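Listed below, chain by chain, are the residues.
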Amino acid sequence: MAEIHLEIPPRLDYLAVVRLVVATAAALDPPLPESRLDDLRLAVTEACSNAIKAHRPEAEDEPVIVSCHLESDCFRVDIRDRGPGFDPDALSELPDTNDPERLQHESGLGIPLIRVLTDDVTFEPADDGTIVSMTLDRPDTEESILTP
Amino acid sequence: MELEIPDSDASADTGGWTVLTATGEIDVAAAPGLREKLVELIEDGTNELVVDLEGVDFIDSTGLGVLVGAVRRARAADGDVRLVCTNSRLLKVFDVTGLDDVFAIADSIDDAVGMATDGS
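Thresholds, definitions, all that
- Residues numbered from 1 in each chain as written.
- Chains lettered and ligands numbered in written order.
- Predicted model: local features only at pLDDT ≥ 70, side-chain atom pairs only at ≥ 80, totals over all residues.
- Helix = DSSP H or I, 4+ residues; strand = E, 2+ residues; numbered from the N terminus.
- Buried ≥ 20, exposed ≤ 12 C-beta atoms within 10 Å, placed from the backbone.
- Rg over C-alpha atoms; globule rule 2.2 N^0.38 Å.
- Contact = placed C-beta atoms within 7 Å.
- Expected span 1.5 Å × (residues − 1).
- Axes fitted to C-alpha atoms, helices over the stretch in contact; angles between N-to-C directions.
- Left-handed = near helix turned anticlockwise from the far one by under 90°.
- Nonpolar A, V, L, I, M, F, W, Y, C, P; charged D, E, K, R; others polar.
- Pairing = 2+ DSSP bridges.
- Right-handed = clockwise from strand over helix to strand, strands pointing away.
- Core = buried A, V, L, I, M, F, W, Y, C linked by C-beta atoms within 7 Å.
- Parallel < 35°, antiparallel > 145°, perpendicular 65-115°, else oblique.
- Arc of directions from axis to C-beta.

A. Expanded view of the overall build of chain B. Along the backbone of chain B there are four helices and five strands. In sequence order, chain B lays out its α and β elements as β-β-α-β-α-β-α-β-α. By the burial criterion, 48% of the 120 residues in chain B qualify as buried.

B. Structural view of the overall build of chain A. In terms of helices and strands, chain A carries three helices and five strands. Each helix (α) and strand (β) of chain A, taken in turn from the N terminus, gives the series β-α-α-β-β-α-β-β. For chain A, whose C-alpha radius of gyration is 16 Å, the value lies close to the compact-globule estimate of 15 Å for 148 residues. In terms of overall dimensions, chain A has C-alpha extents of about 45 × 40 × 25 Å along its principal axes. When the 148 residues of chain A are sorted by exposure, 34% land in the buried category. Residue pairs at least 24 apart in sequence account for 66% of intrachain contacts in chain A once pairs closer than 6 positions are excluded.

C. Local environment of helix α2 (residues 34–55) of chain A. Along its 22 residues, α2 of chain A runs 31 Å from first to last C-alpha, staying within 8% of the 32 Å computed at 1.5 Å per residue. Taken across its 22 residues, α2 of chain A has 19 buried, putting it largely inside the fold.

D. Spotlight on unusual backbone geometry. With an omega of -5°, the peptide bond running from D29 of chain A to P30 of chain A counts as cis. Counting through the fold element by element, P30 of chain A comes out in the loop between α1 (15–26) and α2. In this structure, D78 of chain B is a non-glycine residue whose phi angle is positive, near 65°. Here D78 of chain B lies in the loop between α2 (61–76) and β4 (80–84). Among the residues examined, D78 of chain B registers 8 C-beta atoms within 10 Å and is labelled exposed.

E. Summary view of the packing of α2 of chain A against helix α3 (residues 110–117) of chain A. Residues and elements named next belong to chain A. Interhelical geometry of α2 versus α3 gives an angle of 145° and a closest axis separation of 9 Å. Along this stretch, α2 crosses α3, giving a crossing that reads as left-handed. Judged by residue contacts, D39, L42, A43, E46, A47 and N50 of α2 engage G110, L113, I114 and L117 from α3. A breakdown of the residues in the contact of α2 with α3 according to their chemical character gives six nonpolar, two polar and two charged.

F. Just the interface of chain A and chain B, in detail. Across the contact, 24 residues belong to chain A and 24 residues belong to chain B. Contributing elements (two or more residues each) for the side of chain A that touches chain B: α1, α2 and α3 of chain A. With six residues, the single largest contributor to the side of chain A that touches chain B is α2 of chain A. Each residue belonging to the side of chain A that touches chain B can be placed in one class, and the counts come to eleven nonpolar, seven polar and six charged.

G. Structural context of the pairing of strand β3 (residues 48–59) of chain B. Residues and elements named next belong to chain B. Burial within β3 is extensive, with nine of its twelve residues counted as buried. Pairing of strand β2 (residues 17–26) with β3 involves eight bridges; the strand directions are parallel. Across the sheet, residue T18 finds its bridge partner in β3, namely L49. Judged from the five bridges that link them, β3 and β4 form a sheet pairing that is parallel. The partner of L49 across the bridge, within β4, is V81. Viewed along the sheet, the connection from β3 through α2 into β4 turns out right-handed.

H. Highlighting the nonpolar core. Judged by nonpolar contacts, the single largest core of 69 residues is most densely connected at V22, A43, A47 and C48 of chain A together with V51 and L67 of chain B. With ten residues, the single largest contributor to this core is α2 of chain A. For A43 of chain A, the residues in contact, after removing those within four places along its chain, are L113, I114, L117, T118 and M134 of chain A.

I. Spatial organisation of the packing of helix α1 (residues 31–43) of chain B against α2 of chain B. Residues and elements named next belong to chain B. For the pair α1 and α2, interaxial distance at closest approach is 9 Å and the crossing angle is 5°. It follows that α1 is roughly parallel to α2 by the angle criterion. Packed against α1, whose contacting residues are A31, L34, R35, L38, V39 and I42, the element α2 presents T62, G63, V66, G69, A70, R73 and A74 at the interface. Here the residues of the contact of α1 with α2 sort into eight nonpolar, three polar and two charged.

J. Examining α1 of chain A more closely. Residue and element names in this part refer to chain A. Its twelve residues place the ends of α1 16 Å apart at the C-alpha level, agreeing with the 16 Å of an ideal helix rising 1.5 Å per residue. Restricting attention to buried positions, one finds in α1 the residues L15, V18, R19, V22, A25 and A26. Taken around the axis of α1, the buried residues stretch over an arc of 140°, which confines them to a single face. Counted as exposed and oriented over 90 degrees from the buried face of α1: L20 and T24. Each element contacted by the buried residues of α1 is listed here: β1 (2–8), α2, β2 (64–70) and β3 (74–81).

Listed below in structure tokens is the structure:
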């Protein structure tokens, strides 16, 4: 198993770099299908932006750490921040899209997107923060959520 | 990340609708610029807007939220915000979030302008 380790300042303008590095790592042999790379880019963006926002007030001078784990049957990416943590199950559900009230909500899609785009995701408290671990399986026949 | 939003003076008026063209990636870093422009246009009375996303190859939840807010503001002013998008990546994001039920999405600017007022 190979690992790729990336440390970034807690700044949102680094997200494009994270997307590029993680998707490039996931395209290494054996590559994830291109369609699943789209899933990965979006899921990583959502998780990493949450991490940066939580981390920055607590440890502005410390990096957010992104670790890619290239395993034979899956690709896993861990994002570690030093934020105060949160309970993903405590997030309130958005109104149905047919409900006019839905337009009152501009946020709240990040965690649901991560859940639907990945094959597994965990949110684990660390000693001094949170580790979000997202896994995408490698089977050739795996269909992307984002595949038309 | 690049996001190109023309000044309102440069937006092409099409049948009374103002076309705003976005390009590049609309992520949490770029979305505030799009929000600022959309809010400015709507507050200035430009409440019939077409947002052309044909040059956009990535959008995240913050970008989606900006579009939701723009639709809300425009409709509150008896207008609307319609999207032009044929990129399958973006369309699937709209699909998995259910926001294809919220946004009026067309294949072209002409189709967006020609949509019935209920977005169909």
